[in-house]
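So you can see what is in the structure, the chains are spelled out below.
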Amino acid sequence: MKAAVLHEIGADKLDVRDDIASSPVTDGKVKIRIKATGVCHSDLSAMNGTIPCPVPAVLGHEGAGEVIEVGAGVKSLAVGDHVVVCWSPQCGHCKDCVNGKPHLCMTYMMDAFMDAHFTMGGEPIFGMAGAGTFAEELIVPEDGAIKIDADVPFDVASLVGCGVMTGAGAVMNASKVQPGSSVLVIGCGGVGISAIQAAKICGAAKIVAVDMVDQKLEWAKQFGATHAVKPEDLSATSLALTGGAGFDYAFEVVGRSDTIRTAYDNTKRGGTTVIVGVGRAEDMVSFSAFELFYNEKNLRGTYYGSANIRRDFPLLLDLWRSGQLDLEGMITRRLNLEQINDAFAAMQSGEVIRQVITFD
Ligand code: PAD
Ligand code: ZN
């Protein structure tokens, strides 16, 4: 089959080849024919070493498709089912799953580094985060594929598998944005735009989007931001809208120490700062011992939008169906797998919200 492979960390291009195979479908696993896959910044972060990834690897983790084979013991899925791939499956039985934090489930974590479900030239190779949706076919555990209604277009469904779940979940799950509140979103890519849409759905009265790309600011307004400004204009906007007190909620959706600091500084005392972006392990952020006490801000991260995927994937698609969550509008470019390296260039220049690769 065709797949896009990362050969080494630091490579600036993926190798699109047609000699990749999948290993046999073993007990408890399913094989999916991928129909659509979004291109997320985290794919780029796997290439540059920000996110750990065993190599060589098939990248891609935001996908949807159709089940074409089920292993022994699989109960919840059948051949022909339409599914969204989940890159961090939730087992439903561990302490985190039963304590209402299924996104922290570690049951399948090691599989990503130990269980290679692709082969290249007969040698086993891994898929990013246990997934690898930049491929025509993919094997995941049963818990890594969530069944959806057959009438949902695959391109729309694919986005729910990462960017939309993460951005919307940051707002709905990690911070529970309240009606009438003020919200700051720094970084308006696919994840940030999803956070903006969710903030509007939750009833935020003021939603300020920050990005340095003009087109992103235009899009942010189309998707629900009440104000959209360049980083250098944030202080003046905060002064005008909050009297300089800061926002009830601030979301960092870039993955850098300086924007994390900006998000914290622009959160009001007692407010909540949520770190959504994935930054580098060596990029340190500093806080004074006094300010952490005095400001009483809630500073937290969010992994995969703190999702309960069996609840949230259908919930997000219900919001899409009701017209409140615009997923088609976020797809600013459609392409095929051969154009994957162009997709990374377009993402870095800021000319797209989300790009979706489709397979025939
Ligand atoms: P993207 O590249 O599409 O968007 C990032 C946006 O940030 C772009 O519009 C940039 O112009 C903008 N930006 C860059 N630097 C700055 C700055 N200094 N100030 C303001 N804006 C800036 O990325 P994405 O939306 O796909 O992903 C965003 C982050 O979320 C990225 O770090 C990704 O790895 C992370 C992510 N986290 C999870 C999770 O589980 N927490 C899941 C998926 C993605
Ligand atoms: Zn992602």
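Bear in mind that the values here come from a model prediction, so they are computed numbers and not experimental data. (Residues numbered from 1 in each chain as written. Chains lettered and ligands numbered in written order. Predicted model: local features only at pLDDT ≥ 70, side-chain atom pairs only at ≥ 80, totals over all residues. Heavy atoms only, no water.)

Digging into the pattern of salt bridges
As a reminder of what qualifies: Salt bridge, as applied in this entry: a Lys or Arg side-chain nitrogen positioned within 4 Å of an Asp or Glu carboxyl oxygen. The way it works is that DSSP assigns letters per residue, a run of H or I at least four long becomes a helix, a run of E at least two long becomes a strand, and they are numbered from the N terminus. Think of it in three bands: with a 1.4 Å probe and only protein chains considered, a residue is buried below 20% of the maximum accessible area for its type, exposed above 50%, and partly exposed in between.
Under the counting rule described, the total for this entry stands at 19 salt bridges. A salt bridge links Arg-321 to Asp-149, with the shortest nitrogen-to-oxygen separation between them at 3.3 Å. Taken as a pair, Arg-321 in helix 11 (residues 309–321) and Asp-149 in the loop between strand 11 (145–148) and helix 4 (154–160) lie far apart in primary sequence, 172 residues in all. The residue Lys-230 makes a salt bridge to Asp-214 at a minimum N-O spacing of 3.0 Å. Remark: Asp-214 occurs in helix 7 (residues 214–222) and Lys-230 occurs in the loop between strand 14 (227–229) and helix 8 (234–242); sequence separation between them is 16 residues. Accessibility expressed as a relative area gives 22% for Lys-230, which makes it partly exposed. Overlapping salt bridges, with partners in common, bring together Asp-15, Arg-17 and Asp-19 in one network.

With respect to the side chain of Ser-45
Our working definition: Any two residues whose heavy atoms approach within 4.5 Å at even a single point are treated as in contact.
Structurally, Ser-45 can be placed in helix 1 (residues 41–47). Those residues in contact with Ser-45 that sit more than four places away from it in its chain are Thr-50 and Ile-51.

Let's talk about the domain arrangement of the chain
Rule in force here: Either an automatic procedure or a domain database provided the assignment from which the domain bounds are taken. Buried area is calculated as the accessible area (1.4 Å probe) missing from two parts once they are joined, with the contributions of both summed. Counting of polar contacts relies on pairs of N or O atoms within 3.5 Å, with two restrictions inside protein: one atom must be capable of donating a hydrogen and the other of accepting it, and residues adjacent in sequence are counted only when both atoms are side-chain atoms. Each residue is assigned to one of three groups, with Ala, Val, Leu, Ile, Met, Phe, Trp, Tyr, Cys and Pro labelled nonpolar, Asp, Glu, Lys and Arg labelled charged, and all others, Gly among them, labelled polar.
For the chain, the assigned domains read domain 1 (3–161 + 327–358) and domain 2 (167–302). Centre-to-centre, using C-alpha coordinates, domain 1 lies 28 Å away from domain 2. In this complex, domain 1 contributes twelve residues to the contact, which on the side of domain 2 involves 13 residues. Taken together, both faces of the contact between domain 1 and domain 2 bury some 1100 Å²; the carbon and sulfur share is 62%. Counting the surface domain 1 buries against domain 2, the share from its top three residues, Thr-50, Met-330 and Ile-353, is 46%. Our count for the domain 1 to domain 2 interface comes out at zero salt bridges. Linking domain 1 to domain 2 there are three residue pairs in polar contact (both at pLDDT 80 or more). Broken down by class, the residue content of the side of domain 1 that touches domain 2 amounts to four nonpolar, six polar and two charged.

What about the nonpolar core?
Defined as follows: Joining through side-chain atoms within 4.5 Å is the link that ties buried Ala, Val, Leu, Ile, Met, Phe, Trp, Tyr and Cys residues into a set, and such a set is a nonpolar core.
Counting residues in each nonpolar core, the largest one holds 103 residues, and the members touching the most others are Leu-59, Phe-134 and Phe-251. A domain split of this core shows at least three residues from each of domain 1 (3–161 + 327–358) and domain 2 (167–302). In terms of nonpolar packing, the next biggest core, distinct from the first, is built from ten residues, Val-229, Leu-241, Ala-250 and Ala-263 among them.

Some thoughts on the site of ligand 1
We apply this condition: Being near a molecule or strand, for a residue, means having at least one of its heavy atoms within 4 Å of it. Residue-level accessible areas treat just the shown protein chains as cover; the underlying method is Shrake-Rupley with a 1.4 Å probe.
Contacts to ligand 1 come from 29 residues, most closely from His-41, Asp-211, Lys-216, Tyr-304 and Arg-354. For ligand 1, an oxygen atom lies 2.9 Å from a polar atom in the side chain of Ser-42. Here an oxygen atom of ligand 1 sits 2.8 Å away from a polar atom, N or O, in the main chain of Tyr-304. In isolation ligand 1 offers 870 Å² of accessible surface; the protein chains occlude 91% of this area. The class makeup of the residues in the shell around ligand 1 is 17 nonpolar, nine polar and three charged.

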